[in-house]
Amino acid sequence: MITVVQPAAAATGDGSPGDANIKYFGRWDTRSSSAYVPGWAGAYAVVGFTGTTVKLRQRNSVDLYASVDGGAFVSYKGVSGTVNLTPTRLPAGTHTLRVAYRQVAGSYHGDGVFQGVVLDAGAHTVAPTVPSRIIEFIGDSITAGYRSSKEALTAYGWVTAEKLGAAHTQIARPSVCLYPTADGCVGMRDRYLKTGLDTSTPDWDFSRYRASDVVINLGTNDRGHNVSSSQFQSAYITLLERIRAKYPDATIYAMETFKKWYVAETKAAVAARNKAGDSKVRFVDTEGWINPTTDTADGTHPTDGGHQKIAARLASILR
């Protein structure tokens, strides 16, 4: 289950960001009690509620996705203020809402904050049923779902975990490397420890949740930034060590990049951890999982169908 640090003044049931009935998956910056900010792609919030309507409190213009009662995620573009998610009233009873925000990346700079929900008069939030298994995915634009129809929501990580009935988080953003480079490629070796991509975000409090499984897909951008074989391998070992320190019991999967870059170095990093006594670090051979010609939008980034193929293969391994 997710453990979230809540502001002392929050009242359970009132729909404010600190309401204990709202469950947060992924990394959220909660320094402001009135506006929680997701730090990486794929973070989402889940809340149960009574009544027949639910609205979001938003600040400035943002693109978001919302699902009510397990239905398909609906896209809301450029919304702000009080956003009505139920223009047609729901049947009276208890319902569930899931909300995720479009990642702030590239030319998009929406105000991705969660300021809570507004319910009917007399209605209140209730604790939703959420999975106990949490799968964490670490990666770049592929893991973040760049060029898929709903970005993180249609990326292989989200799809894989949903297939398994697990909760999930994608510690991923476009254009990141594993190794931090002199020409400015952000290195996940170090940024993995932060609440968000920016160095100004606080260090992440890993006691908030414990991942059961961690899947890494990094290396696609390092080649273009001239990261050497030794730099990549050393950085991979460091990242594996850091993940293990934070999640002592998790199984860690190091995926072969779909470009087949740094394969030997990835295998060597896994072997180094195995030799050090960590038997729960595993290499994932992705040979033949997707066809770059038919399953990607540009030779690199999978289409929705490509992500579905990856998810089917990965789910069978994680199952």
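Residues numbered from 1 in each chain as written. Predicted model: local features only at pLDDT ≥ 70, side-chain atom pairs only at ≥ 80, totals over all residues. Heavy atoms only, no water.

S.K.: Sorry, what's going on with the overall build of the protein here?
M.R.: From N to C terminus, the protein includes seven helices and 16 strands. Its C-alpha atoms put the protein at 60 × 40 × 40 Å along the principal axes. Scored against the burial criterion, the 319 residues of the protein give a buried share of 56%. For the protein, restricting intrachain contacts to residue pairs at least 6 apart in sequence, the fraction spanning at least 24 positions comes to 72%. (Helix = DSSP H or I, 4+ residues; strand = E, 2+ residues; numbered from the N terminus. Buried < 20%, exposed > 50% of the residue type's maximum accessible area, 1.4 Å probe, protein only. Contact = heavy atoms within 4.5 Å.)

S.K.: Explanation requested: the sheet that holds strand β16 (residues 281-284) in the structure shown.
M.R.: Hydrogen bonding along the main chain pairs the strands of a sheet, whether they run parallel or antiparallel. Read from one edge of the open sheet, five strands run β13-β12-β14-β15-β16, paired in parallel fashion. Looking along the sheet, the strands with just one partner apiece sit at the ends: β13 (167-172) and β16. Across this sheet, the average inter-strand angle for adjacent strands is 20°, counted without regard to direction. Sheet topology note: the strand β14 (residues 213-217)/strand β15 (residues 251-255) ladder contains four bridges and is parallel. Bridge pairing links I216 to A254 in β15. (Pairing = 2+ DSSP bridges. Axes fitted to C-alpha atoms, helices over the stretch in contact; angles between N-to-C directions.)

S.K.: Just to check I follow, could you spell out the pattern of salt bridges for this structure?
M.R.: Two side chains with opposite charge may pair up if their charged atoms get near one another. Overall, the coordinates contain 16 salt bridges when judged by the stated rule. A salt bridge links D190 to R242; the shortest N-O distance between them is 2.8 Å. Within this pair, whereas D190 is found in helix α3 (residues 188-191), its partner R242 is found in helix α4 (residues 229-246), the two being separated by 52 residues in sequence. A relative accessible area of 28% means that R242 is categorised as partly exposed. Across the salt bridge formed by E287 and K260, the nearest N and O atoms sit 3.8 Å from each other. Linking E287 in the loop between β16 and α6 (292-295) with K260 in the loop between β15 and α5 (263-275), this pair joins segments that are 27 residues apart in sequence. Under the relative-accessibility criterion, E287 is labelled exposed at 53%. With relative accessibility at 30%, the residue K260 sits in the partly exposed group. It is possible to trace a salt-bridge network through shared partners that takes in D63, R102 and E151. (Salt bridge = Lys/Arg side-chain N within 4 Å of Asp/Glu carboxyl O.)

S.K.: Explain the confidence of the model for the protein here, please?
M.R.: Detailed reading of the predicted coordinates is not advisable wherever pLDDT is low. Of all residues in the protein, 97% attain a pLDDT of 70 or more, and the chain-wide mean is 96. Overall, residues 1-8 carries pLDDT values under 50, and its contacts beyond four positions in sequence, including any with other chains, amount to 23 contacts. (pLDDT = per-residue confidence, 0-100.)

S.K.: How should I be thinking about the layout of surface pockets in this particular structure?
M.R.: Any empty space left between the atoms is revealed when a probe the size of a water molecule rolls over them. Volume-wise, the largest pocket comes out at about 360 Å³. Looking at the largest pocket, it is lined by 21 residues, and the ones nearest its centre are V37, P38, G39, V104 and R173. Class assignment of the residues belonging to the lining of the largest pocket gives a composition of eight nonpolar, eight polar and five charged. (1 Å grid on protein atoms, 1.4 Å probe; cavity = no way out; pocket = protein on both sides within 12 Å on 5 of 7 lines; lining within 4 Å. Points joined across faces, edges and corners; volume = space filled by probe spheres on them. Nonpolar A, V, L, I, M, F, W, Y, C, P; charged D, E, K, R; others polar.)

S.K.: Honestly, α4 in this entry has me stumped. Any pointers?
M.R.: One turn of the α-helix equals 3.6 residues, which is why residues spaced by three or four share an orientation. Its 18 residues place the ends of α4 26 Å apart at the C-alpha level, agreeing with the 26 Å of an ideal helix rising 1.5 Å per residue. Listed as buried for α4 are F232, A235, Y236, I237, L239, L240, I243 and R244. If you follow the buried residues of α4, they end up packed against β12 (134-139), α3, β14, β15, α5 and β16. (Expected span 1.5 Å × (residues − 1).)

S.K.: Explain the side chain of D29 to me, please; I cannot follow it from the model alone.
M.R.: Here D29 shows up in strand β2 (residues 28-29). Side chain to side chain, D29 and R31 meet in a polar contact 2.6 Å long. Beyond its immediate chain neighbours, meaning those up to four positions away, D29 contacts A35, Y36, V37, T195 and P202. (Polar contact = N/O pair within 3.5 Å; in protein donor to acceptor, adjacent residues only side chain to side chain.)

S.K.: Help me understand helix α7 (residues 304-318) in this model?
M.R.: Given a rise of 1.5 Å per residue, 15 residues ought to cover 21 Å, and the 20 Å separating the end C-alpha atoms of α7 matches this to within 8%. G306, H307, I310, A311, L314, A315 and L318 are the residues of α7 that are buried. The buried side chains of α7 occupy one side of the element, clustering within an arc of 160° when seen end-on. On its buried side, α7 packs onto β12, α1 (141-144), α2 (156-163), β14, β15 and α6. (Arc of directions from axis to C-beta.)

S.K.: Can you help me understand the sheet that holds strand β8 (residues 82-84) in this one?
M.R.: Taken together, the three strands give an open sheet; going across it, the order is β8-β5-β10, and neighbouring strands pair in antiparallel fashion. Two strands bound the open sheet, and with one partner strand each, they are β8 and β10 (117-119). Geometrically, the sheet is characterised by an average inter-axis angle of 30° between neighbouring strands, direction not taken into account. Judged from the three bridges that link them, strand β5 (residues 54-57) and β10 form a sheet pairing that is antiparallel. Paired with K55 across the two strands is V118, which belongs to β10.

S.K.: I tried to follow empty space enclosed by the protein on my own but got confused; where do I start?
M.R.: According to the stated counting rule, one finds two cavities of 30 Å³ or more in the structure shown. Residue lining of the second largest cavity: A41, G42, Y65, Y101, R102, Q103, K150, E151, A152 and L153, and that is the complete set. Per-class residue counts for the lining of the second largest cavity are five nonpolar, two polar and three charged.

S.K.: Explanation requested: the state of the cysteines in the structure shown.
M.R.: Put plainly, two cysteines are in a disulfide when a covalent bond ties their sulfur atoms together. Scanning the model with the defined rule gives one disulfide in all. With a sulfur-sulfur separation of 2.0 Å, C177 is cross-linked through a disulfide to C185. Note on the C177 and C185 pair: the S-S dihedral is about 100°, so by sign convention the disulfide is right-handed. Residues C177 and C185 agree in their burial class; the two are buried. (Disulfide = S-S within 2.5 Å.)

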